[in-house]
Amino acid sequence: MFAPEDGAVDAPALARALRADAKRHGARTLNTRVNRLTTILGRATGVEIPAGKIKAEHVVIAAGAWSTTIEHLPRHLPVEPVRGQMGAAPWPADMPRIVLYYDHAYVLARSGEAIFGSTMEHVGFDGRVTDAGVREIVAAAQRLLPHLPAVPTRTWAGLRPITPDGRPIVGPDPDVRGLWYATGHGRNGVLLAGLTGEIIGDLVSTGTTEVEIASLAPERFTS
Ligand SMILES: Cc1cc2nc3c(=O)[nH]c(=O)nc-3n(C[C@H](O)[C@H](O)[C@H](O)COP(=O)(O)OP(=O)(O)OC[C@H]3O[C@@H](n4cnc5c(N)ncnc54)[C@H](O)[C@@H]3O)c2cc1C
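Residues numbered from 1 in each chain as written. Predicted model: local features only at pLDDT ≥ 70, side-chain atom pairs only at ≥ 80, totals over all residues. Heavy atoms only, no water.

1. Section: unusual backbone geometry
Move 1: In this structure, the amide linkage connecting Gly 117 to the following residue, Ser 118, adopts the cis form with an omega of -5°.
Move 2: Within the secondary structure, Ser 118 sits in the loop between strand E8 (113–117) and helix H2 (131–144).
Move 3: Positive phi, normally seen in glycine, also occurs at Asp 94, with a value near 65°.
Move 4: Mapped onto the elements of the fold, Asp 94 is located in the loop between strand E5 (80–90) and strand E6 (99–102).
Move 5: Accessibility expressed as a relative area gives 81% for Asp 94, which makes it exposed.
Move 6: Phi at Ser 111 is positive, roughly 50°, even though this residue is not glycine.
Move 7: By secondary structure assignment, the location of Ser 111 is in the loop between strand E7 (105–110) and E8.
Move 8: Residue classification places Ser 111 among the exposed residues on the basis of a relative accessible area of 66%. (Helix = DSSP H or I, 4+ residues; strand = E, 2+ residues; numbered from the N terminus. Buried < 20%, exposed > 50% of the residue type's maximum accessible area, 1.4 Å probe, protein only.)

Here is the structure:
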């Protein structure tokens, strides 16, 4: 598919910009692992980190594919890591800068490079790039853009947080007050980041949202 009106977000740049903006608005960030949720009498009270405890009235579980590794959550989250491998090569000269898409493969132009991918691999938390994965994405990309070189200039891989029904988990925990979920966004976490942020922001600050989120409820997998 040739998609002349489509664009592409630079996700790492977007994340850096959002973080800088949050800091400008007074947010404090701490680069550490959360080991455990803490609760008292059905109410979230904070989290445990390697350096100690942090008290908080509200806790949002938003650790992507790793959300399930946080201890003492009141429910099982069926979020599975699914690896995606990506590659980059110089954008071919004399080619218009476009987005091409077919099946699960795509090639897009970003800052002079062709970015292409991606695999869908159920390999647990193994985030490595593999020869077989790179061969697969190069072959798929060359079907879309035959001028692409066979050897990428760089490659990388990430783990998508996938749920059984393909929908994210966004909303309150029904049993623990002050505990919220924003996880399981699968292949669309960048696309859905703005909306998820608005929903969670409204829920935490006002307790309600105008967006219909019943189909995203965390308890849908257990009830
Ligand atoms: C190859 C590939 C291509 C993709 N392409 C697209 C695309 O085109 N469009 C799109 O919308 N989406 C795309 N996605 C999906 C998108 O990247 C994810 O949906 C999105 O990153 C999920 O965001 P998140 O913040 O929930 O999780 P993540 O981005 O995975 O972030 C989770 C964060 O939590 C941190 N963390 C983990 N455990 C802990 C802990 N115990 N304590 C504290 N922090 C912790 C991690 O270090 C990480 O920083 C792609 C994904 C891959 C892998």
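2. A word on H2
Move 1: With 14 residues, H2 should cover 20 Å at 1.5 Å per step; its first-to-last C-alpha distance of 20 Å lies within 8% of that length.
Move 2: For H2, every residue scored as buried is listed here: Gly 133, Val 134, Ile 137, Val 138, Ala 140 and Ala 141. Seen end-on, H2 carries its buried residues on one side only, within an arc spanning 165°. Across H2 from its buried face, at more than 90 degrees, point the exposed residues Asp 131, Arg 135 and Arg 143.
Move 3: Where the residues of H2 are buried, they touch E5, E7, E8 and strand E9 (154–162). (Expected span 1.5 Å × (residues − 1). Arc of directions from axis to C-beta. Contact = heavy atoms within 4.5 Å.)

3. Describing the environment of Ile 169
Move 1: Topologically, Ile 169 is positioned in strand E10 (residues 169–172).
Move 2: Residue Ile 169 is classed as buried on the basis of its relative accessible area of 0%.
Move 3: Sequence separation of Ile 169 and Ile 61 is 108 residues, and the distance between their C-alpha atoms is 9.8 Å.
Move 4: Once residues lying within four places of it in the same chain are set aside, the contact partners of Ile 169 are Leu 77, Pro 78, Val 79, Thr 163, Tyr 181, Ala 182, Thr 183, Leu 216, Pro 218, Arg 220 and Phe 221.

4. Details of the site of the ligand
Move 1: Among the 19 residues in the neighbourhood of the ligand, the closest are listed as Val 34, Gly 186, Arg 187, Gly 189 and Leu 191.
Move 2: The separation between a nitrogen atom of the ligand and a polar main-chain atom of Val 34 is 2.7 Å.
Move 3: When the ligand is considered free in solution it has 990 Å² of accessible area, and contact with the protein chains removes 64% of it.
Move 4: Within the residue set of the shell around the ligand, elements represented by two or more residues are E5 and E9. (Near = heavy atom within 4 Å. Polar contact = N/O pair within 3.5 Å; in protein donor to acceptor, adjacent residues only side chain to side chain. Areas by Shrake-Rupley, 256 points an atom, 1.4 Å probe, with all protein chains shown as cover.)

5. Quick word on the environment of Met 86
Move 1: Tracing the backbone through its elements, the reader meets Met 86 in strand E5.
Move 2: Measuring from C-alpha to C-alpha, the distance between Met 86 and Ile 115 comes to 7.3 Å, with 29 residues separating the pair along the chain.
Move 3: Ignoring any residue separated from it by four or fewer positions in sequence, one finds Met 86 in contact with Tyr 106, Ile 115, Phe 116, Gly 117, Ser 118, Ile 137, Arg 154, Thr 155 and Trp 156.

6. Description of the pattern of salt bridges
Move 1: Counted according to the given criterion, the structure contains nine salt bridges.
Move 2: A salt bridge links Asp 175 to Arg 75, with the shortest nitrogen-to-oxygen separation between them at 2.9 Å. Placement of the pair is Asp 175 in the loop between E10 and strand E11 (179–183) and Arg 75 in the loop between strand E4 (59–61) and E5, with a sequence separation of 100 residues.
Move 3: Residue classification places Asp 175 among the exposed residues on the basis of a relative accessible area of 55%. (Salt bridge = Lys/Arg side-chain N within 4 Å of Asp/Glu carboxyl O.)

7. A word on the side chain of Thr 38
Move 1: Inspection of the secondary structure puts Thr 38 in strand E1 (residues 36–40).
Move 2: Residue contacts for Thr 38: discarding those within four places in its chain leaves Arg 43, Ala 44, Thr 45, Gly 46, Val 47, Glu 48 and His 72.

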